[in-house]
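In case you want the letters, here they are:
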Amino acid sequence: MIESFKKLLEERLCYLQEEIVPKKLVNWIKCLQNSDKELIACTEQNEGEIKAVNVLIDRVKRRDDDGYFQLVRACRKSGYQHAAMLLDPWCKSKFFFVIYGYFALKIISILL
């Protein structure tokens, strides 16, 4: 994952812990493996939602760059619009980054 996305996830983690329920998001995030989904579900059941959010974000950060965008889309599709806005305030999709490539990533790293 791109370093600026990792940094943004780390900065917003405390807000995400209070906003999202991981079990509602995992089915929308295709980059997560079944073992990741199982770990998130078990953590949520045994240790609570806040700890499960930590595991979810950790697993998303370990996946490819698309994991970040999948998380944002999952937040939008699951009704967590505020969480999606925290992660992607300009409502950019992956299409934007494919078109503008290097220059878009530079702009985001400057803004962050």
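Rules and cut-offs
- Residues numbered from 1 in each chain as written.
- Predicted model: local features only at pLDDT ≥ 70, side-chain atom pairs only at ≥ 80, totals over all residues.
- Heavy atoms only, no water.
- Salt bridge = Lys/Arg side-chain N within 4 Å of Asp/Glu carboxyl O.
- Helix = DSSP H or I, 4+ residues; strand = E, 2+ residues; numbered from the N terminus.
- Buried < 20%, exposed > 50% of the residue type's maximum accessible area, 1.4 Å probe, protein only.
- Phe/Tyr/Trp six-rings, centres within 6.5 Å; stacked < 30°, edge-to-face > 60°.
- Contact = heavy atoms within 4.5 Å.
- Axes fitted to C-alpha atoms, helices over the stretch in contact; angles between N-to-C directions.
- Parallel < 35°, antiparallel > 145°, perpendicular 65-115°, else oblique.
- Nonpolar A, V, L, I, M, F, W, Y, C, P; charged D, E, K, R; others polar.
- Expected span 1.5 Å × (residues − 1).

A. Spatial organisation of the pattern of salt bridges. Tallied over the entire structure, the rule returns 7 salt bridges. Between Asp66 and Arg73 there is a salt bridge, with its nearest N and O atoms 3.6 Å apart. For Arg76, the salt bridge identified is with Asp88, shortest N-O distance 3.4 Å. Taken together, the residues span a long stretch of sequence, with Arg76 in helix α5 (residues 66-77) and Asp88 in the loop between α6 (81-87) and α7 (94-111) at a distance of 12 residues. Assessed through its relative accessible area of 25%, Arg76 is described here as partly exposed. Several salt bridges share partner residues, and in doing so they unite Asp36, Arg59 and Arg63 into one network.

B. Main features of the packing of aromatic side chains. Counted according to the given criterion, the structure contains 3 aromatic pairs. Aromatic side chains Phe5 and Phe69 sit 5.5 Å apart centroid to centroid with 80° between the ring planes, which places their arrangement in the edge-to-face category. On the criterion of sequence distance, the pair formed by Phe5 in helix α1 (residues 3-19) and Phe69 in helix α5 is long-range, its members being 64 residues apart. Comparing Phe5 with Phe69, the two get one shared label, buried.

C. A look at the environment of Leu86. Inspection of the secondary structure puts Leu86 in helix α6. Leave out the neighbours within four places in its chain, and Leu86 touches Leu8, Arg12 and Tyr15.

D. The packing of α1 against α5, seen in detail. Interaxial distance between α1 and α5 falls to 10 Å at its minimum, and their mutual angle equals 40°. Judged by the inter-axis angle, α1 sits oblique to α5. On the side of α1, the interface is formed by Phe5, Leu8 and Leu9, while α5 contributes Tyr68, Phe69 and Leu71. Grouping the constituent residues of the contact of α1 with α5 by class yields 6 nonpolar, no polar and no charged.

E. α5, seen in detail. The end-to-end C-alpha separation of α5 is 16 Å, in line with the 16 Å expected for 12 residues at 1.5 Å each. In terms of burial, α5 is a largely internal element, 9 of the 12 residues being buried. Residues Asp66, Gly67, Tyr68, Phe69, Gln70, Leu71, Val72, Ala74 and Cys75 constitute the buried set of α5. Positive backbone phi, at 90°, marks Gly79, one or two positions downstream of α5.

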